[in-house]
Amino acid sequence: MTITDNIASLFASGSRKSLSITKIQGDASSRQYFRVTEPGNTVIACYDPAFEQTAKEEYAFLVMHALFSRNAIPVPEVIAVDEKKGLLLLEDCGDQLLQNLFGSPAAETIPGRYREIIRTLIRLQSIRGDQKKIPFNISFDREKLMFEFDFFITHCLLDYFAPQMDSNLIGSLRSEFETIAAILVKPEHFVLNHRDFHSRNILIHQGKPVIIDFQDARMGLPQYDAVSLLRDSYVTLQPDLTEELKALHYNELRLGGVTSMSFDEYLYYFDIMAFQRNIKAIGTFCYQTRVKKNSTFEHSIAPTLRYLPDYIDARAELKKAGKLLHAIIEENRQ
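Residues numbered from 1 in each chain as written. Predicted model: local features only at pLDDT ≥ 70, side-chain atom pairs only at ≥ 80, totals over all residues. Heavy atoms only, no water.

A closer look at the pairing of strand β3 (residues 41–47)
We count it as follows: Partly exposed residues are those whose accessible area sits between 20% and 50% of the maximum for their type, while under 20% is buried and over 50% is exposed, using a 1.4 Å probe and protein chains only. A helix here means a DSSP run of H or I that spans at least four residues, while a strand means a run of E at least two residues long, and both kinds are numbered starting from the N terminus. One bridge is not enough; two strands pair if DSSP finds at least two bridges between them.
Counting buried residues in β3 gives 5 out of 7 residues, a clear majority hidden from the surface. Taken together, the 7 bridges between strand β2 (residues 32–38) and β3 define a ladder with antiparallel strand orientation. In the sheet register, V36 faces β3, and the bridge partner there is V43. What sits between the antiparallel neighbours β2 and β3 is a turn of 2 residues, in which G40 has the positive phi angle 80 degrees. Across 5 bridges, the pairing between β3 and strand β5 (residues 87–91) is antiparallel. Its bridge partner lying in β5, A45 is registered against L89.

Here's the deal with the pattern of salt bridges
What counts here: Any Lys or Arg side-chain nitrogen found within 4 Å of a carboxyl oxygen on Asp or Glu counts as a salt bridge.
A full pass over the atoms with the stated rule returns 16 salt bridges. We note a salt bridge from R113 to E116, for which the minimum N-O separation is 2.8 Å. Remark: E116 and R113 occur in helix α3 (residues 110–125); sequence separation between them is 3 residues, near one turn of the helix. Taking the relative accessible area as the measure of exposure, R113 reaches 15% and is therefore buried. Looking at E116, the relative accessible area reads 24%, which means it is partly exposed. One salt bridge connects R142 with E178, and the closest N-O pair in it is separated by 2.8 Å. Of this pair, R142 sits in helix α4 (residues 142–160) while E178 is found in helix α5 (residues 170–184), placing the two residues 36 residues apart along the sequence. Taking the relative accessible area as the measure of exposure, R142 reaches 42% and is therefore partly exposed. One salt-bridge network, held together by shared partners, links R142, D150, R174 and E178.

Side note on unusual backbone geometry
Note on backbone geometry: most residues besides glycine have negative phi, and most peptide bonds are trans. Put simply, I134 and P135 share a cis peptide bond, and its omega is 5 degrees. Of note, P135 is situated in the loop between α3 and α4. Although it is not a glycine, A72 sits at a positive phi angle of roughly 60 degrees. By the element assignment, A72 lies in the loop between α2 (60–70) and β4 (78–82). A positive phi angle is found at R195, which is not glycine, with a value near 95 degrees. Within the secondary structure layout, R195 lies in the loop between β6 (191–193) and β7 (202–205). Take R195: its relative accessible area is 9%, and that puts it in the buried class.

With respect to the state of the cysteines
To keep it simple, the criterion reads: Two cysteine sulfurs form what is called a disulfide whenever their separation falls within 2.5 Å.
Applying the stated criterion across every chain, the model contains 0 disulfides. In this structure C93 is a free cysteine whose sulfur lies 14 Å from that of C46, the closest cysteine sulfur available. Cysteine C286 remains unbridged, with the sulfur of C156 as its closest cysteine sulfur at 3.8 Å.

Structure below.
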């Protein structure tokens, strides 16, 4: 049976002939998404091959959905699941992404919307749980951070940008990446992070933000999700709004007892984390473009590279890495 046949099988037999099942754009993973239209209603079907191999109680999406729902984090309702077929039916919260506000008649609502989303992020990052269970037992540790740096080296520097990168410098760059990763592994400051908290994973539904694509949540610095939102590869915020939202995030973290950092520490780790997060994103975009032959993400490579000089200029710890990356940064500055 095809995926669409399996999706149809989740509905009453008498209604299957009236279903319309249309594939919709997904993310950079192996998951596939479909909009299912039946008389008077639509739902979203997600096919995840990993779900076929995982018990429901251990499937990260469902674990995170339950955790977020218990803690009043707005997420789509789960309507039905069939782990044998790797399928979930989810509430259809529409197509209005946070990203879509930019350049639209609703652009004037962007500052207020982002303030609201920062407060949602604070609630998310305030969640605590059993450190022996996901997502609290996985983190942005050295292994994870270096995996992402190495992924960037392989797919960005040695493939996509190979003509502009001196391969003899790779060893020196990787050593700098090791140093940067060590700065970011601070478990005493770790909180829960969505991990992909950006404008394509936040829907505006019935006037409120709804969070999606949260199955990869893990522990890390609170700046990780703030960076994802404020130094987004898909949209660019005005600098004064970015600074306002950093301060709002920090002040709400302190007010809620979520962090003990000073504001200067917060800004320091924000820049170092932003460098790592943007490097990770560029590696993903290059991989999707060259290996997966998916051009959807290619136009986001240059805007993400253009963020890097801000961090490199601000933080001495990034200057050596910046010099080693100089050629590709300069190529994409305009």
